[in-house]
Amino acid sequence: MSLPQLHYTSVTPGDGEPAGRFTAVDPAIPGPVRAEAAPILAYEAPAGTPGRLPDAQLRSLPVAFGFVLLSDGSHLLSRTVATGAGGFHAHAVHLLPGTPVPGRVLPVAAWGAAGWLATTPDRMPPDPLTALATAHGPSRGLTREGLGDFAVARSPWLAAVLSDLRRVSEDPSAPPVVLVERQSADVARWVALATAVLPRDHAERLTFTTYTRHPGRTTHQVVGVLPEDAPDARDPRFRVHAASGPRPSGTVDDAWAGTAARIWRSRSPELFREAAELPGEPFAAGPLAVTALGAGIALGSEERAAAADWAAERPYALDEKRTRQLTDALTAPADDRTAAECAAALRLLTALDGRCPASVTAPLAALLVTEAVRGGDVALEPPARSAFEEPAGERVLAGLVEELGDEVLAELSSGVPGGVARTVQLLRIARLLDLDRAELLPGVVGRLAGALLDDPGAGACRALPDLLDEQFDVRTALLGELDRLAPDRPADTERLLTRVTLPFTGTQALPHLRMCAEAPGAKARGADRVEILHTVLRAAGMSPFAEPLVLRTAVGLVWGEETPTAGEARSLLGETTSDAHRTAGTWARLVDAALAAPSGDEDAAELAHDLLRGFPQEIGARVRACLMLLDFARDLRAGTAEPGWADRARTLRSRAEPAEPLALEHAFGALAERLLAPGRPDDELYAFVHSGDEELIAAYGVAGRREPVLALLRADPAYVADCFAVWNAHPHAGPDWTRIRTALLEEVLRPVVRALSPEELAAVEGAVEREGSSRTLEAFRAWNRPSRSLGRLGRRIAGRVRRA
């Protein structure tokens, strides 16, 4: 039974656009199919082709051999050739939807079929496809040898073309592949190369044409054009490959295409059928790569990794012979082996371990150990020891010890430049090779602990927990070293433990590590810092009296680089003896808290008093003087300061040079407040005013503006009278005092007095007269008049008051 055929021939050759008519059509082909087929079958000769050509030149014109999908789901396989006088003739076979080519022959195989006609026959002969399916031998021009030669000739473009053909087979919306060739037969060879590689169902559906003048007007997935009709390679509508142009640069990131290209270049297309029998997804590189390696074809690292991954997922799919062939290929010397290939080889080894004899697994394990030591991939894990069981594996392991043992120990001994991951890797390899690490272990663990604290993120490497789980001696030493370092680096240790879960389940006490592990949760609960300290200390399981260093760790965890408040520092000192703080070194944090307290913090002076008693030997002379300034402020406010306040303040300041500003503010502020208070000693006031000390007098001016003084001025007439007298006195005490007292009179006292009611003003005047005399009262009234100056009489009266 013959398939439906049609013939389509040019009508007015050489006159305008090619046009034609159907000269023979099988009645089974419906009209819509004929209408859709007509523009597809039309032919336009290359630009500049003469109207009439000799037969030899006519046969050299391109052949438009194509396979196209029609809108109704059927297919049309056609061959259009140029004819005399500039015309064309198309011969096509129509395949109904779901109807394969007879004999499941791929459409491109009909390129050289004998049944294609260049003229319309008198009667319709059998179609070329049926005749092809019953013929013996390959099609003309698409022989195995010819395709092999073509693949070698097109070697630079092969992987890229196959990759794009894969893409267009998987995704119908992908840009069509444009193949630029001078001979349409070469385009057919490209399609034959591709369909030999593609999965069978994709190969049968791949649409193509070996020649067209207008690649943008076709619906074919593969389009052949002459160089003069090639679109711009940068045009996103196409994937253009010009074998007539320069060789492509770079590599193709497609393991399937790369492997297929290597198989074609090795002239071994039968391997495609062999690979198709292996399990795997369409376009999976694994089956192709495994088959190629088994046949002795050299592959790149990406393709070898694909083979190893495929076999690791299906260790049952290969018999022992093919498995050995695969492992032999993977362990062969190679300069391009990548980390991805090594990781895939490790997965394969894990899958084969216990399934295959050591003679198969041990060489693969030895490769991985060698790559781990010398390859530079710190993430590569060493294989399991079981890979070296049996006599064959033990011999391989002994060879590794002889080859790599000294190298591993030397790197561990000298300090590993690769950081945490490299140290962990070498320790695991040393254990696998059963190397003696006893003398090296303390130094290695010390450097490892320091590196973990320097870069806590490095501890998140997957191999660290495995190391600690496998090697008890390393775990014990490392945890002990981290616990030893934690008091001096609590924040780093805390950060490490938030990234790495270390095992605290053993018999080691590890109080500092337990505190660091507890700290994040305690802080998140939002308690005050002293309460957080208590929580963290409880996690240690040890009292600061028994192990004072837990106090250093706790303080570092809670306050970090910040300074405790004076109140917090008093709590710390009160709850723990000075001996514990002295041993822990935290007494200095308490001193900082006292010296950093603002002037309004009443705990600072009390803290300073306790520090001076608790740490007499530890505190240096300058800091002691600063604390004594605070203690002096405490005595002034308590009323227990010895006479000579101004001299005492100035003496302590000179001892504390450079004095802490806040400590000075405490002491000078307390002195000023005491001298501004009712009932102050007049001799202390006199000594203060005549000290000529700019800082002391400035502190008096600041204190005189504060709310306690203003409130007392508004409430106590006698205090107003006293301040008026003092701030008018001592005119010759120096410019600093004159400037401050004048400012206090004008900016503090005058606004208060001006705001008094008549009754309150009368009470103040009475107090002024009682404290001084009638002349003092006259001076007060003159000062309080709204005039801008006292006048000559007022100045004389004020002068008499000051002299009195």
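Just above, that's the structure.
Residues numbered from 1 in each chain as written. Predicted model: local features only at pLDDT ≥ 70, side-chain atom pairs only at ≥ 80, totals over all residues. Heavy atoms only, no water.

A. Examining the overall build of the chain more closely. Looking only at helices and strands, the chain features 38 helices and 9 strands. In terms of overall dimensions, the chain is more spread out than a globule: its C-alpha atoms have a radius of gyration of 49 Å, far above the 28 Å expected for 804 residues. Over its C-alpha atoms, taken along the principal directions, the chain stretches across nearly 150 × 80 × 40 Å. The contacts in the chain between residues at least 6 apart in sequence include a share of 69% that link residues at least 24 apart. In the structure as shown, the chain presents an accessible area of about 37000 Å², 51% of it carried by carbon and sulfur atoms. The centroid of the 86 positive side-chain charges in the chain is displaced by 6 Å from the centroid of its 106 negative side-chain charges. (Helix = DSSP H or I, 4+ residues; strand = E, 2+ residues; numbered from the N terminus. Rg over C-alpha atoms; globule rule 2.2 N^0.38 Å. Contact = heavy atoms within 4.5 Å. Areas by Shrake-Rupley, 256 points an atom, 1.4 Å probe, with all protein chains shown as cover. Lys, Arg positive; Asp, Glu negative; His and termini not counted. Charge placed at Lys NZ, Arg CZ, Asp CG, Glu CD.)

B. Fine view of the packing of aromatic side chains. Tallying each qualifying case throughout the model produces 16 aromatic pairs. Between F65 and F208, the aromatic rings sit 5.8 Å apart at their centres with planes inclined by 50 degrees, giving tilted as the arrangement. Here F208 lies in strand β7 (residues 208-209) and F65 lies in strand β3 (residues 64-69), a separation of 143 residues in the sequence. Grouping residues by exposure puts F65 and F208 together as buried. Ring geometry for F780 versus W783: centroids 5.6 Å apart, planes at 40 degrees, classification tilted. With F780 and W783 both in helix α37 (residues 774-784) and 3 residues apart, this pair spans about one turn of that helix. (Phe/Tyr/Trp six-rings, centres within 6.5 Å; stacked < 30°, edge-to-face > 60°. Buried < 20%, exposed > 50% of the residue type's maximum accessible area, 1.4 Å probe, protein only.)

C. How the structure looks around the sheet that holds β7. Strand order in the open sheet formed by 9 strands is β2-β1-β5-β4-β3-β7-β8-β6-β9, and the pairing between neighbours is mixed. Every other strand in the sheet has two partners, leaving β2 (20-25) and β9 (239-242) as the edge strands with one partner each. (Pairing = 2+ DSSP bridges.)

D. Representation of unusual backbone geometry in the model. P658 follows E657 through a cis peptide bond whose omega is -10 degrees. Take P658: it is sitting in the loop between α29 (645-655) and α30 (661-676). Residues other than glycine seldom take positive phi values, yet F283 does so here, at roughly 65 degrees. Locating F283 in the fold gives a position in the loop between α9 (270-276) and α10 (285-294).

E. A look at the packing of helix α12 (residues 320-331) against helix α14 (residues 358-374). Taken N-terminus to C-terminus, the directions of α12 and α14 make an angle of 20 degrees; their axes are 10 Å apart at the nearest point. Viewed along their axes, α12 and α14 adopt a mutual orientation that is roughly parallel. The chirality of how α12 crosses α14 is left-handed. Contacts from T323, R324, T327, L330 and T331 of α12 reach α14 at S359, V360, P363, L364 and L367. (Axes fitted to C-alpha atoms, helices over the stretch in contact; angles between N-to-C directions. Parallel < 35°, antiparallel > 145°, perpendicular 65-115°, else oblique. Left-handed = near helix turned anticlockwise from the far one by under 90°.)

F. How the structure looks around the nonpolar core. By size, the foremost hydrophobic cluster in this structure holds 232 residues, and its most contacted members are L611, L627, F688, Y700 and W727. The greatest single-element share of this core, amounting to 10 residues, is contributed by α14. Aside from chain neighbours lying at most four places away, what touches F688 is A646, L675, L696, I697, Y700 and W737. Of all hydrophobic cores here, the second largest spans 21 residues; its members include L41, A64, L70 and A92. (Core = buried A, V, L, I, M, F, W, Y, C linked by side-chain atoms within 4.5 Å.)

G. Broad picture of the side chain of R79. By the element assignment, R79 lies in strand β4 (residues 75-83). Lacking a salt bridge, the buried R79 has D55 as its closest oppositely charged neighbour, with an N-O distance of 13 Å. Not counting residues within four places of it along the chain, the set of residues in contact with R79 comprises V63, A64, F65, H89, A90, H91 and W116. (Salt bridge = Lys/Arg side-chain N within 4 Å of Asp/Glu carboxyl O.)

Function cannot be inferred from these measures alone, as they are strictly geometric.
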